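# Coordinate analysis (summary)
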Amino acid sequence: MKWRRDNGFSNEREPVLQNLENFQNEDALLVPHFRSKAKSLKEAQAGEHTADDALKFYSERKWPECDVIVSNPPFLGATKIWKELGREYQSELWRVYEGRVLRGADLCCYWFEKARDSIEHRDCRRAGLLATQGIRGGASRETLRRIKETGDIFFAISDREWILDGANVHVSMIAFDDREQAEKWLDGNKVRKINSNLTAAVDTTTAARLQVHRELCFRGVPKVGKFELTQEEALRLLGEPNPSLKPNSDVVRPWMNGLDVTRRPKHLWIIDFGERDKEAAAQYAEPFEWVRLNVLPTRSKNKRGHRRDNW
Ligand SMILES: C[S@@+](CC[C@H](N)C(=O)[O-])C[C@H]1O[C@@H](n2cnc3c(N)ncnc32)[C@H](O)[C@@H]1O
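Take the packing of helix α4 (residues 78-85) against helix α5 (residues 87-96) next. Where α4 contacts α5, the axes come no closer than 6 Å and their chain directions differ by 130°. Considering the angle they form, α4 stands oblique to α5. Of α5, the residues touching α4 (which contributes Ala 78, Ile 81, Trp 82 and Leu 85) are Arg 87, Tyr 89, Gln 90 and Leu 93. Across the contact of α4 with α5, the residue classes tally to six nonpolar, one polar and one charged.

The immediate surroundings of the ligand are formed by Glu 26, Asp 27, Ala 28, Asn 72, Pro 73, Pro 74, Tyr 89 and Trp 111. Asp 27 places a side-chain nitrogen or oxygen 3.1 Å from a nitrogen atom of the ligand. Within the backbone of Ala 28, a nitrogen or oxygen atom sits 2.8 Å from a nitrogen atom of the ligand. Look at the ligand: alone it shows 590 Å² of surface, and the protein chains cover 43% of it. Class assignment of the residues belonging to the shell around the ligand gives a composition of five nonpolar, one polar and two charged.

Next up on the list: the layout of surface pockets. To find leftover empty space, a probe the size of one water molecule is rolled over the atoms. Here the largest pocket defines a volume of roughly 1,000 Å³. In terms of lining residues, the largest pocket is bounded by 26 residues, among which Arg 141, Thr 204, Ala 207, Gly 258 and Thr 262 are the most central. With four residues, helix α9 (residues 258-262) is the single largest residue contributor to the lining of the largest pocket. Considering only residue class, the lining of the largest pocket consists of nine nonpolar, eleven polar and six charged.

Time to look at the state of the cysteines. Counted by the stated rule, this structure contains zero disulfides. For Cys 108, which is in no disulfide, the shortest distance to another cysteine sulfur is to Cys 109 and amounts to 4.5 Å. Of all cysteine sulfurs, the one in Cys 66 lies closest to Cys 124, which takes part in no disulfide; the gap is 3.9 Å. Residue classification places Cys 124 among the buried residues on the basis of a relative accessible area of 4%.

Right, let's talk about empty space enclosed by the protein for a bit. The full count for this structure, using the stated rule, is one cavity of 30 Å³ or more. Each pocket or cavity is described by its volume, and for the largest cavity that value is around 40 Å³. What lines the largest cavity is simply Arg 116, Ile 119, Glu 120, Ile 147, Thr 150, Gly 151, Phe 176 and Asp 177. Elements with a contribution of two residues or more to the lining of the largest cavity: α6 (108-120), α7 (138-150) and β6 (167-177).

Further remarks concern unusual backbone geometry. Residues other than glycine seldom take positive phi values, yet Asp 187 does so here, at roughly 50°. Topologically, Asp 187 is positioned in the loop between β7 (184-186) and β8 (189-191). A relative accessible area of 38% places Asp 187 in the partly exposed class. A positive phi angle, near 60°, is found at Leu 198, a position not held by glycine.

Across a sheet, paired strands are connected by hydrogen bonds in the backbone, their directions being either parallel or antiparallel. Strands sit in the order β9-β11-β10 across an open sheet of three strands; the sheet is antiparallel. Edge positions in the open sheet fall to β9 (228-229) and β10 (252-255), since each of these has one partner strand only. The pairing of β9 with strand β11 (residues 268-271) spans two bridges and is antiparallel. The residue bridging Leu 229 from the neighbouring strand is Trp 269, located in β11. Relative to β11, helix α11 (residues 285-294) is tilted by about 90°, and along the sheet it contacts β9, β10 and β11.

Before going further, it helps to spend a moment on the pattern of salt bridges. Per the stated rule, a full pass over the model turns up 25 salt bridges. In this structure, Arg 125 engages Glu 180 in a salt bridge whose closest nitrogen and oxygen atoms are separated by 2.8 Å. Of this pair, Arg 125 sits in the loop between α6 and β4 (126-132) while Glu 180 sits in the loop between β6 and β7, and the two are 55 residues apart along the sequence. Through salt bridges with shared partners, a single ionic network connects Glu 60, Arg 100, Glu 113, Lys 114, Arg 116, Asp 117, Glu 120 and Arg 146.

Cut-off values and rules
Residues numbered from 1 in each chain as written. Predicted model: local features only at pLDDT ≥ 70, side-chain atom pairs only at ≥ 80, totals over all residues. Heavy atoms only, no water. Axes fitted to C-alpha atoms, helices over the stretch in contact; angles between N-to-C directions. Helix = DSSP H or I, 4+ residues; strand = E, 2+ residues; numbered from the N terminus. Parallel < 35°, antiparallel > 145°, perpendicular 65-115°, else oblique. Contact = heavy atoms within 4.5 Å. Nonpolar A, V, L, I, M, F, W, Y, C, P; charged D, E, K, R; others polar. Near = heavy atom within 4 Å. Polar contact = N/O pair within 3.5 Å; in protein donor to acceptor, adjacent residues only side chain to side chain. Areas by Shrake-Rupley, 256 points an atom, 1.4 Å probe, with all protein chains shown as cover. 1 Å grid on protein atoms, 1.4 Å probe; cavity = no way out; pocket = protein on both sides within 12 Å on 5 of 7 lines; lining within 4 Å. Points joined across faces, edges and corners; volume = space filled by probe spheres on them. Disulfide = S-S within 2.5 Å. Buried < 20%, exposed > 50% of the residue type's maximum accessible area, 1.4 Å probe, protein only. Pairing = 2+ DSSP bridges. Salt bridge = Lys/Arg side-chain N within 4 Å of Asp/Glu carboxyl O.

Quick look at the structure:
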């Protein structure tokens, strides 16, 4: 309706909404198969099956042949997939797309892989999809690397603000084909090529590991709780004395990751008690109190015993 209005067509028709036969309400990734002849979980359950019993397995959804795939697929970080869609759905996704989408990839990457597959098999000529901007890195980026193996990205907006459910998120817009289109556009500029991290400069995604850096690199701090502090909070804690006379600078430290080096410093700090046990940590009164208030409540609900005990 908005398109019709913007393009000078009238919306005065009855009924306003028309039946559109080409819309299908189906799962775009997996096809569920049921034990009985039922077509849906509801039907199967009505036939005296429990949900687990009724569902037999999932297979890959085949997409119809077409000229172009346009999609605004759902964004969902890998760690949230099972929380939102259930363990079973997640493990079936992993099984069906094994070797094609990494387990750590965002849910939207499955749409990218399916579009790539369609283009590779000449079931489609080109595709344009929205993604979380996170697709430029980590396990999600592998999807783009794979797209460039069998075809190429000819258009991308690397980072664009987007309002989603009232929240301000950052998205990437990416179009790709079977290398038919020679002209490439990145962020509004004509470029020679678009790398899988959606840059056109030196392709750092193919950088190799330096042997001399072995044992010098560490994957970073897995915090499991809100240990991080803003600079303001950190400076306050650093100024607080302790009855033990120990300085809080022993345990309040600047915290950086790769992005602080390659982009701009975020000036974050972290409370790090290291190997100290609870009694030793408690000698740093204010930092200990911070962790008790901000970390303990979530840690005490953690499924893993040692994470609860060693909060
Ligand atoms: C970001 S919204 C985009 C909606 C619409 N295409 C648009 O552009 O306004 C993503 C949509 O994908 C749907 N979705 C989520 N998982 C899906 C799946 N497995 N198969 C098909 N659609 C799915 C969601 O319900 C949601 O409507």
